[in-house]
Amino acid sequence: MRRYFSRKLLIYGLTFFVAVTVNWLIPRFMPGDPVASMVARANVAQPEAVEAMRAYYNDLFGFDQPLWQQYVNFWGAMFQGDFGISIWLFPTPVSTVINGAVPYTLGLIIPSVLLSWVVGNRFGAYAARRKLLDNTVLPVGYVLTAMPYMWLAVLLAWALGVIAGLFPVAGGYSFSMRPNWSWTFALDLLHHWTLPFLSLFLVALGGWAIGMRNMIIYELESDYSNYLSALGAPARLIRRYAFRNAVLPQITGLALQLGVLVAGALVTEIVFAYPGLGSLILKAIQNQDFFLLQGTFLFIVLGVLIANFIIDIVYVVVDPRTRAGMAGAQA
Amino acid sequence: MTTLQESEPREREGMRREALHFAVRNAKLVTGFGIVVVLLVLGMVGPLLAGGTPNDYGTRPMSPPSAEHWLGTTTFGQDIFLQFVHGLRATFLVGVIGGGIAAVIGMLVGFVAGYRGGAVDEVLNMLTNVILVIPTLAVLLIINAYLGIRSVAVQGLFIGLTQWPWAARAIRAQTFSLRTREFVDLARMSGAGTWRIISREIAPNMSSYLFMTFILLFGGAILIASSLDFIGLGPTEGVSLGLMLQNANQWSALQLGMWWWFVPPGAGITAIVGALYVANVGLDEVFNPKLRET
């Protein structure tokens with residue numbers, strides 16, 4: 001087990017290192033000049049002002065130092081939680097801007113991912129080898145997984161929000177309200193949260209159902225299932241064993257899908273103008289706010305790595321083979 | 001030995017014929033590929049038949065579908081059908097480039113890691129795992145944001161460069177199970193090099209698997225590209241289905257009730273990707289006799 005965890009941690013450490021390095025490399029070695037584009041965005045005409053701004057940004061990026069020094073400084077600043085100053089919300093530090101958005105994204109993504117995983121697995125397990133259900137769950141599942149996240153979000157917003165008028169289609173809470181600890185505000189928050197949650201939940205649901213259905217069929221064909229049924233065990237019992245075995249690859253699958261799920265959450269937030277990281281990224285891109293964009297990137301990478309590690313721990317708890325040091329999980 | 005060599009091509013021919021026999025009778029495969037081909041033809045022929053440039057402003061803005069504008073017009077009077085058929089081209093292109101590059105890298109890494117094993121495998125596997133864990137869209141966001149001018153081809157290139165790890169992992173596992181087979185041993189004993197063994201012995205024996213991997217990568221590339229477009233990092237010129245969705249969202253098509261603006265592009269993407277997935281299940285049934293419905 002120690003080997004399993006040390007290997008995982010090594011991979012995550014390396015990944016974080018690569019991500020930070022990429023984050024540092026891209027602004028410096030991409031064609032194009034971010035400083036020039038930021039100066040151009042400010043729309044100043046006087047050459048002295050342009051020169052001053054250029055010097056300011058060069059100093060901010062630390063472009064006047066040797067490369068290795070820039071790289072070391074980059075790491076140093078990051079460990080102090082210094083991601084620079086947002087240009088869109090000047091002069092708020094990027095970390096403050098991100099901290100304000102993270103709760104919304106987490107509040108959206110954690111319930112939708114967990115619920116869709118649980119419900120999708122149940123559906124898929126139930127539908128496998130049941131002709132009628134299988135013939136409905138499978139096509140619906142394929143349509144759902146093939147949908148771009150933002151499209152289902154738009155459709156839901158249109159049908160349930162604009163036409164039926166049941167839910168608001170924009171914002172994290174009503175514009176007339178200010179965030180506070182009260183029941184009315186909590187209800188309002190929930191009201192705004194429902195549609196984005198539902199669209200994330202539905203798109204992810206299809207994939208899990210299909211995956212589980214295939215795994216269950218595979219398990220039901222295996223020797224232990226045949227042996228159990230030869231012994232005269234009830235079908236329910238065999239299915240329960242099959243489910244427990246089939247859940248393991250689904251846990252690994254959850255870890256593999258994290259990136260896609262985060263991406264889905266980002267675009268869904270944009271559709272609903274939900275005040276999470278997705279909307280932040282949109283604003284950062286529209287305003288050429290590279291500090292904000294890069295800070296958000298690091299936050300997302302860090303979040304995905306932590307989630308991966310939690311899933312690894314869950315896997316060890318669920319699968320005794322990894323604890324015994326046998327080859328259970330793939331590293 | 002001579003009889004074996006003589007019978008081999010015939011046997012392969014037979015297998016191919018058998019696969020074809022089941023392929024044309026597989027409803028999933030036929031429907032899936034049918035939908036993809038129809039959309040592909042629409043994307044190829046549509047722009048030629050319906051003349052004009054897709055982003056031209058028209059005289060009748062915000063009109064619902066009519067005989068003149070089959071799918072209606074945008075707030076700026078752009079013809080949505082015209083945008084749709086041009087957008088299909090961009091979508092297929094990004095799928096081919098992104099899926100193709102990812103498939104090639106995935107195959108190279110997977111074959112070499114699986115066949116060579118040992119230290120080579122350790123290093124390649126570590127690399128695969130690292131890139132697998134990084135959330136791809138976030139990396140693509142950063143790269144595309146710093147790219148001043150973006151084109152469909154460059155978008156596809158970067159998608160390809162980030163999407164290969166799961167394919168590499170799957171192909172590595174398959175190669176692992178093939179490398180200890182007798183025919184591979186035989187080839188090795190007869191002095192064949194690594195590349196020859198991989199390309200002549202291992203790859204042909206999993207060609208169906210490789211093709212299916214490519215299909216999934218193709219669909220995945222389309223979905224990722226549409227997300228990028230939607231965030232506002234699509235190609236700076238031209239149209240794509242994702243860009244249409246982005247425009248519809250940006251100009252409040254939702255609030256204005258202009259459903260004809262945001263329904264077609266999303267439906268197009270869903271149809272292509274969904275049809276590919278269904279066709280893939282069909283292919284699986286054709287190549288794997290165990291899964292065939294009898």
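Note that this is a predicted model, so its numbers are computed, not measured.

### Section: the overall build of chain B
So, point 1. If you tally the helices and strands in chain B, you get 12 helices and zero strands.
So, point 2. Relative to all contacts within chain B whose residues are 6 or more apart in sequence, the contacts with residues 24 or more apart total 73%.
So, point 3. Working note: accessible area of chain B is about 13700 Å², and carbon and sulfur atoms make up 64% of it.

### Some remarks on the UniProt feature "transmembrane region" (unreviewed entry) in chain B
Residues and elements named next belong to chain B.
So, point 1. Mapped onto this numbering, the UniProt entry annotates "transmembrane region" (unreviewed entry) at residues 29-50, 92-115, 127-147, 209-233 and 259-283.
So, point 2. Across residues 92-115 one finds 100% helix and 0% strand; the C-alpha atoms that close the span lie 33 Å apart.
So, point 3. When the span residues 259-283 is considered, its composition is 100% helix and 0% strand, and the gap between its end C-alpha atoms is 35 Å.

### Section: helix 2 (residues 27-49) of chain B
Residues and elements named next belong to chain B.
So, point 1. Given a rise of 1.5 Å per residue, 23 residues ought to cover 33 Å, and the 31 Å separating the end C-alpha atoms of helix 2 matches this to within 8%.
So, point 2. Helix geometry: helix 2 is bent most strongly at Gly 43, by close to 30°, with proline Pro 47 lying one to four residues after it.
So, point 3. Taken residue by residue, helix 2 has Leu 29, Gly 32, Val 36, Leu 39, Gly 43, Gly 46 and Pro 47 as its buried positions.
So, point 4. A side-chain oxygen of the first residue of helix 2 lies 3.0 Å from the backbone nitrogen of Lys 28; this N-cap is Asn 26.

### Considering the nonpolar core
So, point 1. One finds Ile216(A) and Leu141(B) to be the most contacted residues of the largest nonpolar core, which totals 156 residues.
So, point 2. In terms of residues, this core owes the most to one element, helix 10 (residues 235-271) of chain A, which gives 18 residues.
So, point 3. Once you skip the residues sitting within four places of it in the chain, Leu141(B) turns out to touch Leu266(A), Ile281(A), Ile285(A), Leu293(A), Leu228(B), Ile231(B) and Leu233(B).
So, point 4. One finds Tyr115(B), Val184(B), Ile197(B) and Met206(B) within the second-largest nonpolar core, a separate group that totals 12 residues.

### A look at the UniProt feature "domain: ABC transmembrane type-1" (unreviewed entry) in chain B
So, point 1. What UniProt calls "domain: ABC transmembrane type-1" (unreviewed entry) maps, in this numbering, to residues 88-282 of chain B.
So, point 2. From the first C-alpha to the last, residues 88-282 of chain B spans 24 Å; its make-up is 84% helix and 0% strand.

### What to know about the UniProt feature "domain: ABC transmembrane type-1" (unreviewed entry) in chain A
So, point 1. When the UniProt feature table is mapped onto this chain, "domain: ABC transmembrane type-1" (unreviewed entry) is found at residues 102-311 of chain A.
So, point 2. In the segment residues 102-311 of chain A, helix accounts for 82% and strand for 0%; the C-alpha atoms at its two ends are 20 Å apart.

### Description of the UniProt feature "transmembrane region" (unreviewed entry) in chain A
All names here are of chain A.
So, point 1. Within the UniProt annotation, "transmembrane region" (unreviewed entry) is assigned to residues 9-26, 101-119, 140-170, 190-210, 254-277 and 297-318.
So, point 2. With 71% helix and 0% strand, residues 140-170 has end C-alpha atoms that lie 28 Å from one another.
So, point 3. Taken end to end, residues 254-277 has its terminal C-alpha atoms 21 Å apart, with 79% of it in helix and 0% in strand.

### Considerations on the pattern of salt bridges
So, point 1. Summed over the entire model, instances satisfying the criterion amount to seven salt bridges over all chains.
So, point 2. The salt bridge involving Asp319(A) is made with Arg321(A); its shortest N-O contact spans 3.2 Å.
So, point 3. Its relative accessible area of 36% is what places Arg321(A) among the partly exposed residues.
So, point 4. Among the ionic pairs, Asp121(B) bridges to Arg172(B), the shortest N-O distance being 2.7 Å. Here the residue Asp121(B) occupies a position in helix 4 (residues 118-133), and Arg172(B) occupies one in helix 7 (residues 165-178), the gap between them amounting to 51 residues.

Rules and cut-offs
- Residues numbered from 1 in each chain as written.
- Chains lettered and ligands numbered in written order.
- Predicted model: local features only at pLDDT ≥ 70, side-chain atom pairs only at ≥ 80, totals over all residues.
- Heavy atoms only, no water.
- Helix = DSSP H or I, 4+ residues; strand = E, 2+ residues; numbered from the N terminus.
- Contact = heavy atoms within 4.5 Å.
- Areas by Shrake-Rupley, 256 points an atom, 1.4 Å probe, with all protein chains shown as cover.
- UniProt positions renumbered as here; feature names shortened; annotations may be inferred.
- Expected span 1.5 Å × (residues − 1).
- Bend = angle between axes of the 7 residues up to and from the residue.
- Buried < 20%, exposed > 50% of the residue type's maximum accessible area, 1.4 Å probe, protein only.
- Polar contact = N/O pair within 3.5 Å; in protein donor to acceptor, adjacent residues only side chain to side chain.
- Core = buried A, V, L, I, M, F, W, Y, C linked by side-chain atoms within 4.5 Å.
- Salt bridge = Lys/Arg side-chain N within 4 Å of Asp/Glu carboxyl O.

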